[in-house]
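Observations on chain architecture
Take a look at the letters that make up each chain.
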Amino acid sequence: MDIISTREMLLNAKKNQYAVPAFNIHNLETMQAVLEGAWEMKSPVIIATTPGTVKYAGMDYLAAMAKVGAKRYNIPIALHLDHCPDVDFLKECIYAGYKSVMIDASLKDYEDNIRITKDVVEFAHRYDVTVEAELGVVGGAEDERKVDEKDTMLTDPQVALDFVKKTNIDSLAVAIGTAHGVYKLEPKLDFERLIKMNEMIEVPLVLHGASGVPSDAIKKAVEYGICKVNIATELKLPFAEKIKNYFKENPQANDPRKYITPAKEAAKEVVIEKIKICGSENRA
Ligand code: 13P
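What this report covers is the structure whose coordinates are included nearby. Within each chain, residues carry numbers counting from 1 in the order of the written sequence. Local features in a predicted model are, by the rule used here, given only for residues with pLDDT of at least 70; side-chain atom pairs are given and counted only at 80 or more, and totals for whole chains, interfaces and linings are based on all residues. The side-chain figures draw on all heavy atoms in the structure; neither hydrogens nor water molecules are used.

Considering helix 2 (residues 28-41)
Its 14 residues give helix 2 an end-to-end C-alpha distance of 20 Å, which sits within 8% of 20 Å, the value for a rise of 1.5 Å per residue. Note on contacts: a residue pair is in contact if any heavy atoms of the two residues lie within 4.5 Å. Working definition: helices are DSSP H or I runs of at least four residues, strands are E runs of at least two. Numbering for both runs from the N terminus. Those residues of helix 2 hidden inside the fold are in contact with strand 1 (20-24), strand 2 (45-49), helix 4 (59-73), strand 3 (77-84), helix 10 (233-249) and helix 11 (256-278). Looking one or two residues beyond helix 2, the residue adopting positive phi is Lys42, at roughly 55°. A helix is expected to span 1.5 Å for every residue after the first.

Next up, the structure:
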């Protein structure tokens, strides 16, 4: 198998009421943790890379690694560009082999968000690439995108319907009370809003900022129409923790294979747990 777009995987998820998890990765080992976990669980999976990660690791390296994984594991794997505000950069990723992208013009005003997103959709669809966009504003910090709590804005269902019609996007990231990064207080999700949007909007809905959201709340969100669940922070924390502990116990260590292996295993455990919560086990 080759890497694929998110079209079929998210439509299947919508039809069968589960969600495909999208895990943000940063390097070879975190990608391996995600793919090994997904393979063990026989789950479709989305490897998400922010523009910062793409600049760090290289879009050609990331595409090549994902292709190797898709061939090796023979499960549906998408390589996705997460939260990209830069149209030229997004196009470069498509030329490098990405089949799924998120144009994030959610911080612009509504008309600009529509115009930019629509142009990206027209371009991406020529290459059979799927496009996610965001309406409303999810708070918190992800890469260089930092949104203060006071600037967050929940998605308005009526406006969302208009946005989807005008842009022809393949999936919509909705703001229903989650935020990127670590929560200070347990988030309260606006399920009424989600139910309404799911009734009105045909394209699959996406939940950002899923780290730290209690599993029951994620399960409920999936039941009410979320088809893609984004997880970044909850993979990074145990990965870093294991490396810190390794050096605490082995201050003289210098072999990356030794100190990264437990970190990779910890990330893989999170992948497996999240797949179970999303209900995507045995859906590959
Ligand atoms: P978390 O870091 O809160 O898991 O958010 C991930 C995300 O939404 C990536 O786009």
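Topic: the site of the ligand
Surveying the vicinity of the ligand reveals 15 residues, the closest of which are Asp82, Gly209, Ser211, Ala232 and Thr233. Polar contact criterion, stated in full: a pair of N or O atoms within 3.5 Å, where within protein one must be able to donate a hydrogen and the other to accept it, and residues adjacent in sequence count only if both atoms are side-chain atoms. His208 places a side-chain nitrogen or oxygen 3.0 Å from an oxygen atom of the ligand. Measuring from an oxygen atom of the ligand, one finds a side-chain N or O atom of Ser211 at 2.5 Å. For the area figures, the Shrake-Rupley method with a 1.4 Å probe applies, and any residue is considered shielded solely by the protein chains shown. Taking 310 Å² as the accessible area of the ligand by itself, protein coverage stands at 99%. Counting only elements with at least two residues in the shell around the ligand, the list comes to strand 3, strand 9 (179-180) and strand 11 (226-231). Per-class residue counts for the shell around the ligand are four nonpolar, nine polar and two charged. Here a residue is considered near a molecule or strand provided that any single heavy atom belonging to it is located within 4 Å of it. Gly is put with the polar residues, along with every residue not named as nonpolar or charged; the nonpolar set is Ala, Val, Leu, Ile, Met, Phe, Trp, Tyr, Cys and Pro, and the charged set is Asp, Glu, Lys and Arg.

Observations regarding unusual backbone geometry
Residues other than glycine seldom take positive phi values, yet Asp128 does so here, at roughly 60°. As for its position among the elements, Asp128 is in the loop between helix 6 (110-126) and strand 5 (130-135). Positive phi outside glycine occurs at Asn282, with the angle close to 60°. Of note, Asn282 is situated in the segment after helix 11.

Side note on the nonpolar core
Residues Leu81, Leu172, Ile201 and Val229 are the most contacted members of the largest nonpolar core, which totals 85 residues. Take this core: its biggest share by element is 10 residues, from helix 11. Apart from residues lying up to four places away in sequence, Val229 is in contact with Ala19, Val20, Pro21, Ala22, Leu207, Ala210, Ile218, Val222 and Cys278. Nine residue types can take part in a nonpolar core, namely buried Ala, Val, Leu, Ile, Met, Phe, Trp, Tyr and Cys, and a core is a set of them joined through side-chain atoms within 4.5 Å. Burial classes follow relative accessibility: with a 1.4 Å probe on protein chains only, a residue under 20% of its type's maximum area counts as buried, one over 50% as exposed, and anything between as partly exposed. Formed by nine residues, the second largest nonpolar core is a distinct cluster that contains Leu10, Tyr18, Ala22 and Ala78.

Side note on the packing of helix 6 against helix 7 (residues 157-167)
The angle between two axes is taken between their N-to-C directions and runs from 0 to 180 degrees, where each axis is a line fitted to C-alpha atoms and a helix contributes only its stretch in contact. It is the contact of helix 6 with helix 7, at a shortest axis distance of 9 Å, that shows an interaxial angle of 35°. When the axes of helix 6 and helix 7 are compared, the crossing they make is right-handed. On helix 7, the residues that touch Tyr110, Asn113, Ile114, Thr117, Lys118 and Val121 of helix 6 are Val159, Asp162, Phe163, Lys166 and Thr167. Residues belonging to the contact of helix 6 with helix 7 are distributed by class as follows: five nonpolar, three polar and three charged. Handedness of a crossing is defined here by the sense of rotation of the near helix relative to the far one, left-handed for an anticlockwise turn of less than a right angle and right-handed for a clockwise turn.

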